Amino acid sequence: MRGRDHHFVTNVSSLLVCGLLAGVAVAAAAFPAVAMSGLAAKAGGEAFASLPSQLKQATAPQLTRVFAADNKTPIAVFYDEFRSDVPLKNISINMQNAIVAAEDHQFYKHNGVDLKGSVRALVNNNQGGAKQGASTLTMQLVKMSLAYSATTPQEVVDATEDTPTRKVTEMKYAMQVEKELTKQQILERYLNTAPFGNGSYGIYAASQVYFSKQPKDLTVAEAALLASMVKAPSGFDPTTAVGYPKALDRRNWVIGNMRDLGYITPTAAAAAVKVKLARTAQRTGNGCAAVQTNHWGFFCDYFYRWWLDRPEFGKTPYDRERRLKSGGYRIESSLDVKAQAAARENISDKININDRDALLLAAVQPGTGRVRALAANRRYKLDVANNKMSSDPRKAAKNIRGTYPNTTNPLLTGGGDITGYQAGSVFKMFTMVAALENGYPLAYTINTTPMYKSGYRDAGGPAACGGYYCPTNSSKNTKGPYNMWTGFGSSVNTYFVPLQESVGADKVVDVAQRFGVRFRSAQELNMATKHAKDWGSFTLGVSASTPLEMANAYATLAADGKYCAPTPVEQITTSKGEKLDVGKPSCRQATKPDVARAAIDAARCPVGDSAQLGNCAGRTAGAARGIIGHPIFGKTGTTDSEKTASLIIGTTSIVVAGYLVNPDYQDHPYAMSHDTVNPAVITTVRDIMKGKDKDQFKKPSGDKIAQGEQRSIPEVTCLSVADATRKLREAGFIAGPGSEIASSCPKGQAAGTAPAGRTIKGGYVSIQISKGKEKDPAGPDTGRPGTGQPGDTD
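Residues numbered from 1 in each chain as written. Predicted model: local features only at pLDDT ≥ 70, side-chain atom pairs only at ≥ 80, totals over all residues. Heavy atoms only, no water.

## Focus: the overall build of the chain
At step 1: A tally of regular secondary structure across the chain gives 27 helices and 27 strands.
At step 2: Burial analysis of the chain (794 residues in total) assigns 52% to the buried set.
At step 3: Considering only intrachain contacts with a sequence separation of at least 6, the fraction spanning at least 24 residues in the chain is 70%. (Helix = DSSP H or I, 4+ residues; strand = E, 2+ residues; numbered from the N terminus. Buried < 20%, exposed > 50% of the residue type's maximum accessible area, 1.4 Å probe, protein only. Contact = heavy atoms within 4.5 Å.)

Next comes the structure, spelled out in structure tokens:
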């Protein structure tokens, strides 16, 4: 009896609502606004009246496309829902007709609500008949729009739950939409919003996923299939065994409706029904793991991490990711596909993807910071289950696999667990810049020794002696006077450590930070911020860095001392066509132009180029200039025991940094070879610069930064070494004994100086020691043998 009472109450309530709708149906035909306002008052009371009077125009999530610097080569897409809006003019008329034939035959006749159909459906549904919808295309658009505009979970539920109240809400807003938009605008929004299954949202995505074509090219059969799926995308999925026959039947039903509504001829309908229904769908890859060309993945990953760090796109990384994957942006990235291809090919020529060592190349454009290439001998791939076991025996013992051949770690750019790698002597550039900033000229000379006992405390490191830091050179034969040209060219450790000591290590660290070096580990950050004055080994490159950081640091020199934050972006355009400033070059003057120009002059020596202001001696990558064929500058780097090898080479328009490292086992026991990294960097710069102008580097505005304040060197020939030393010191020079030479002065006395004539104030002057006259092995110079007359010369 209670069950019958319950059904009685339910049926009465349903009849009341049906009666309400039926009554409204008559009034709405003539006075739709009045009818709907009355309906609102009766059906929802104050709660309904509190709803906004206008439908929120929420934009459905749009995919973001990333292109190369040419703005036409696609790199990757990012999306939460695979959707990209297209205008109605670019949607096949077959599709426009098919969706009307499938969902709303009265679309072009009603004012947003098919009241007769709604009443019929409501009565049928409450009497236990087969479920009927009767929602018009406009009402369906309202439902989807309300869901997308929802800001809380409850709003999503309210927008999608199947209740009479929700249906009335849709009807009200549908009529409002019809007042503000044309039928064509409504149809366009609907087709761009509707889900079509298999991860596709909107007609663009559906056309790509099911047919790999543009919406404008859809045939009758294809359009009918897509239209048939909107009702229940998973139920009518032709790619599943259960869904295939249902999809085929419903597609043919839509084709029949198109024929009956006069959209196509009976002949066209018969032909469309005969078209075989495909069982496959091609989902579009999402994110960097699905880049168009695999080795672009490291650049894509850099872009993705860059985006998540930008506060302009949201307060949190989560908000920024949602914006990337739903904002519909068009990203013109900085990736130069030709430079990237050259880098990857040159890496492949020297090392393969299964090697434990990673050869990493980064290319940056001076003056903009735009990252042109990021390449490695690795596949950018999430699947690491089949990777080689880690080359670090401690990790291998725990069954930890290495990063080769597959990895998505930011090997070139840092982040996460990647804090960088020791790059060695390429850091000497920071010491040279700090010295130049503090008045030391390029000609500043230090009389070096094979080992230098510094004033930096060192309790027990590998270079400690007597409690102090005592670096050595790579060769015991490297000693004697060096200036910045020759010291940088020959990479003399015992020149740069005392130079740093004289300038101040804290000033050198400051230059590195101004040039973009980041200290990612807690230990290095502590040294940089609290103990920089005591960081004696900093100039020798013991701090971790990445190829991208160092390429950009050297690019700062090429840009006349202007540091530009590295960026993966040329231009970001919104879905509405607005161009954003985010990602544009963000630059500041990191050092004076004359300092940068002077540093470049010395940095031409290591790579085989000629200095314009002084003389080079020693070339650690001397073949580079001849191979590249352009004015270049740069530096090689090697760490203790050759655990890493690096080379940086730049021109006025590109800088490439190459590191050869073991990312899994940085403290490995074997030596890295410059025979691997040097050719890869050199040929990459050559390939990038092919066909470009051979622009010369600018000179400083005066000679003082190169030669300093010049002073005449006193004449000391044939004085005792003690007297010569005293005389030179009284003139303001640093003096010391140098090499022995043959001279007419008595053996052991001063034979001259090096340099001779003039040198910088306070500079080092080497006293040449006489070893007496050279003896002629053939006897006295008699001209002709046996005579005292001058003879003929050969």
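## Brief notes about the pairing of strand β17 (residues 569–573)
At step 1: For β17, the tally of buried residues reaches five of five residues, placing the bulk of the element in the interior.
At step 2: Here strand β5 (residues 330–333) pairs with β17 via four bridges, running antiparallel. Among the inter-strand pairings, Ile331 is bridged to a residue of β17, identified as Ile572.
At step 3: In sequence, β17 turns back onto strand β18 (residues 579–580) through a hairpin of five residues, with Gly577 there showing a positive phi of about 90°. (Pairing = 2+ DSSP bridges.)

## Some details on the confidence of the model for the chain
At step 1: Confidence along the chain averages 88 in pLDDT terms, with 88% of residues attaining 70 or more.
At step 2: Confidence drops under pLDDT 50 across residues 1–54; counting only partners more than four residues distant or on other chains, this segment forms 46 contacts.
At step 3: Note on residues 778–794: pLDDT is under 50 here. Beyond four places in sequence and across chains, it has nine contacts. (pLDDT = per-residue confidence, 0-100.)

## Examining the environment of Lys350
At step 1: Locating Lys350 in the fold gives a position in the loop between α15 (337–348) and β6 (358–364).
At step 2: Take Lys350: its relative accessible area is 39%, and that puts it in the partly exposed class.
At step 3: Residues Lys350 and Asn678, 328 residues apart in the sequence, show an inter-C-alpha distance of 9.9 Å.
At step 4: Residues within four places of Lys350 in sequence aside, it is in contact with Leu359, Asp675, Thr676, Pro679 and Ala680.

## As for the sheet that holds strand β25 (residues 750–754)
At step 1: In spatial order, the strands read β24-β27-β25; together these three strands make up an open sheet with mixed pairing. At either end of the open sheet lies a strand with only one pairing partner, and these are β24 (734–741) and β25. Across the sheet, the axes of successive neighbouring strands diverge by a mean angle of 30°, strand direction being ignored.
At step 2: As judged from the four bridges shared by β25 and strand β27 (residues 764–770), these two strands associate in the antiparallel manner. (Axes fitted to C-alpha atoms, helices over the stretch in contact; angles between N-to-C directions.)

## Here we look at the nonpolar core
At step 1: Membership of the largest hydrophobic core comes to 102 residues, with the highest contact counts inside it found for Trp307, Phe430, Leu442, Met484, Leu499 and Met550.
At step 2: Among the elements that line this core, the one with the most residues is helix α13 (residues 297–308), at nine residues.
At step 3: Contacts of Phe430, omitting those with residues within four sequence positions, involve Val508, Val511, Ala512, Phe515, Val517, Met550 and Ala553. (Core = buried A, V, L, I, M, F, W, Y, C linked by side-chain atoms within 4.5 Å.)

## Let's talk about unusual backbone geometry
At step 1: A cis amide bond links Tyr404 with the next residue in sequence, Pro405, at an omega value of 5°.
At step 2: Tracing the sequence through the fold places Pro405 in the loop between α16 (393–396) and β9 (406–407).
At step 3: The omega torsion of the bond from Ala754 to Pro755 falls at 0°, within 30 degrees of zero and hence cis.
At step 4: Among the secondary structure elements, Pro755 is positioned in the loop between β25 and β26 (758–760).
At step 5: Phi angles above zero are rare outside glycine, and Ser491 is one such case at about 55°.

## Re the state of the cysteines
At step 1: Within this structure, the stated rule accounts for five disulfides.
At step 2: Across a sulfur-sulfur distance of 2.1 Å, Cys564 and Cys587 are joined as a disulfide pair. Linking Cys564 and Cys587, the disulfide has an S-S dihedral of approximately 105° and is accordingly described as right-handed. Of the two residues, Cys564 sits in strand β16 (residues 562–564) while Cys587 sits in strand β19 (residues 587–589), which places them 23 residues apart along the sequence.
At step 3: One disulfide bridge connects Cys718 with Cys745, the sulfur atoms lying 1.9 Å from each other. Because the torsion about its S-S bond is -85°, the bridge between Cys718 and Cys745 counts as left-handed. (Disulfide = S-S within 2.5 Å.)

## A closer look at the layout of surface pockets
At step 1: Approximately 1400 Å³ is the volume found for the second largest pocket.
At step 2: Those elements that provide at least two residues to the lining of the second largest pocket are β10 (421–422), β12 (464–465), α21 (522–530) and β20 (633–638).
At step 3: Per-element tally for the lining of the second largest pocket: the top contributor is β20, with four residues.
At step 4: Each residue belonging to the lining of the second largest pocket can be placed in one class, and the counts come to 16 nonpolar, 24 polar and nine charged. (1 Å grid on protein atoms, 1.4 Å probe; cavity = no way out; pocket = protein on both sides within 12 Å on 5 of 7 lines; lining within 4 Å. Points joined across faces, edges and corners; volume = space filled by probe spheres on them. Nonpolar A, V, L, I, M, F, W, Y, C, P; charged D, E, K, R; others polar.)

## Things to note about the environment of Lys428
At step 1: If you trace the backbone, Lys428 turns up in helix α17 (residues 428–437).
At step 2: As a C-alpha pair, Lys428 and Phe538 span 110 residues in sequence and 8.6 Å in three-dimensional space.
At step 3: The residues contacting Lys428, other than those within four sequence positions of it, are Phe488, Ser491, Val492, Asn493, Phe496, Thr539, Leu540 and Lys635.
At step 4: There is a polar contact of 2.7 Å between the side chain of Lys428 and the side chain of Asn493. (Polar contact = N/O pair within 3.5 Å; in protein donor to acceptor, adjacent residues only side chain to side chain.)

## Some thoughts on helix α14 (residues 317–326)
At step 1: Within α14, burial applies to Arg320, Glu321, Leu324 and Lys325. Axial view of α14: buried residues confined to an arc of 125°, hence all on one face.
At step 2: Looking at the buried positions of α14, the neighbouring elements they touch are β1 (64–67), β2 (74–78) and α13.
At step 3: Looking one or two residues beyond α14, the residue adopting positive phi is Gly328, at roughly 70°. (Arc of directions from axis to C-beta.)

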